[in-house]
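Close look at the chain arrangement
Residue strings, one per chain:
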Amino acid sequence: MELKIHGQTLVYIGGECGIYKQDTPLSMDYAQMDQELIVRVINSMPKEKAIEAVTKLRDQAVEQAKWESTPQNLGFPILRRSLGPTPINEVRANIENTVKFSEDVLKVLKGK
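Because the structure is a prediction, the values reported are computed rather than measured.

The rules we used
- Residues numbered from 1 in each chain as written.
- Predicted model: local features only at pLDDT ≥ 70, side-chain atom pairs only at ≥ 80, totals over all residues.
- Heavy atoms only, no water.
- Phe/Tyr/Trp six-rings, centres within 6.5 Å; stacked < 30°, edge-to-face > 60°.
- Helix = DSSP H or I, 4+ residues; strand = E, 2+ residues; numbered from the N terminus.
- Buried < 20%, exposed > 50% of the residue type's maximum accessible area, 1.4 Å probe, protein only.
- Salt bridge = Lys/Arg side-chain N within 4 Å of Asp/Glu carboxyl O.

Some details on the packing of aromatic side chains
- All chains considered together, the criterion is met by three aromatic pairs.
- Between the aromatic rings of Tyr-12 and Phe-101, the centroid separation amounts to 5.1 Å while the plane-to-plane angle is 90°, which identifies the pairing as edge-to-face. Taken together, the positions of Tyr-12 in the loop between strand 2 (8-11) and strand 3 (17-24) and Phe-101 in helix 3 (residues 88-109) put the pair 89 residues apart, joining distant regions of the chain. Here the two residues Tyr-12 and Phe-101 agree in accessibility, since each one is buried.
- Geometrically, the ring pair formed by Tyr-20 and Tyr-30 is edge-to-face, given 6.2 Å between the ring centres and 75° between the ring planes. Placement of Tyr-20 in strand 3 and of Tyr-30 in strand 4 (residues 27-33) is noted, with a sequence separation of 10 residues between them.

Encoded structure:
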């Protein structure tokens, strides 16, 4: 996938990206990331703000990739819910892809 970031080209060769996100104050689940959409958002931001946002995304993905177990939603199992969060082992590689994608974007933004 070829992406233009602040006038520079990034060729991303990787799989699905995503992270766990808070759905409600009580629940969290994995969400797939749309790389083209995030690039449009990055391109609409000043470069310094984009670096700050992508660094935050990368740091969040790095932390999540270290998780040993799936995050538990608050209130459960006291409250019944038919589906729980996506198991971490099913999406760990995707979170690691998010780390790689973020690092690639940061290199482009920093001119490296």
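Moving on from the model shown.
Focus: the pattern of salt bridges
- For the structure shown, the criterion picks out two salt bridges.
- We note a salt bridge from Asp-59 to Arg-58, for which the minimum N-O separation is 3.0 Å.
- By relative accessible area, Arg-58 is classed as partly exposed at 22%.

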